[in-house]
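Now for the letters of each chain:
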Amino acid sequence: MKKAGIIMVIGSLLLLGLFKFPLWNIMLGAPQYPEPLGMNIYLDGIQGVEEFDLQNIDGLNHYIGMKTIPKAEDMWEFSVFPKVILGMSLLGVLIGLLGFAGKVSYKFFIGWFVLMSVLGLLGMYDFNNWLTEYGSDLDPHAILKLNNPDGTPMSYKPPLFGHQKLLNFDVTSLPHIGGYLMFVGMSLTLVAFWLGRKFSLIKAKE
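A. Summary view of helix α4 (residues 107-136). Here α4 contains 30 residues, and its C-alpha end-to-end distance of 43 Å stays within 8% of the 44 Å for a straight helix at 1.5 Å per residue. Among the residues of α4, those classed as buried are Phe109, Trp112, Phe113, Met116, Gly123, Phe127, Trp130, Leu131, Tyr134 and Gly135.

Have a look at this one:
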């Protein structure tokens, strides 16, 4: 059970990587931009991959009526998400230490994983809603007004995950280092659960 507790602690601590590295990345490439434009989404705000990327993206979006990329203070998520991740990391460390000391069951490990998974799915749902609003709530007085073949206004929603063609732009949306660290951390908590369960079954047979 001690090994399981240590792995639980390590997995939980990996979540803290989100305070250093971006959670997500969106890149926009087009013939007129040999160097793609990009934005990195952190727990506490959005930054350009290069110095003027956000400024250039906002300039392009202005022509089709999209809103400017929000500042950290414009979205409640950027103040709440860091607290959630910090709280879950500390909770996971506490559970891991208690497991190491034999004070809690291995079932607490899977309980933490389920809670973190639910919070992660809610976060992705919220992120997708923001992308939808960002790409669909267009200024009716925009310089360019483009419609779908059926006459409805075109949406410029970036993909939640993967690649999509938007006009002459290739848009790619993928997890960044912080997202991968979170995935590895959560996977380690499953390993901790498996080891804890294995240890408990062995003890029960003795």
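B. How the structure looks around the packing of aromatic side chains. Under the definition given, this model contains seven aromatic pairs. Considering the side-chain rings of tryptophan 24 and phenylalanine 127, the 6.1 Å spacing of their centres and the 70 degrees angle between planes classify their relative orientation as edge-to-face. Here the residue tryptophan 24 occupies a position in strand β1 (residues 24-30), and phenylalanine 127 occupies one in helix α4, the gap between them amounting to 103 residues. The two residues tryptophan 24 and phenylalanine 127 agree in class, both being buried. Between tryptophan 130 and tyrosine 134 the ring centres are 5.1 Å apart and the planes differ by 15 degrees, which places this aromatic pair in the stacked class. Of this pair, tryptophan 130 and tyrosine 134 are both found in helix α4, four residues apart, which corresponds to roughly one turn of the helix. By the burial criterion, tryptophan 130 is buried, and tyrosine 134 matches it. Aromatic ring contacts, followed pair by pair, group Trp24, Phe127, Trp130, Tyr134 and Phe161 into a single cluster.

Cut-offs used in this document
Residues numbered from 1 in each chain as written. Predicted model: local features only at pLDDT ≥ 70, side-chain atom pairs only at ≥ 80, totals over all residues. Heavy atoms only, no water. Helix = DSSP H or I, 4+ residues; strand = E, 2+ residues; numbered from the N terminus. Expected span 1.5 Å × (residues − 1). Buried < 20%, exposed > 50% of the residue type's maximum accessible area, 1.4 Å probe, protein only. Phe/Tyr/Trp six-rings, centres within 6.5 Å; stacked < 30°, edge-to-face > 60°.

Any functional reading would require information beyond the geometric quantities listed.
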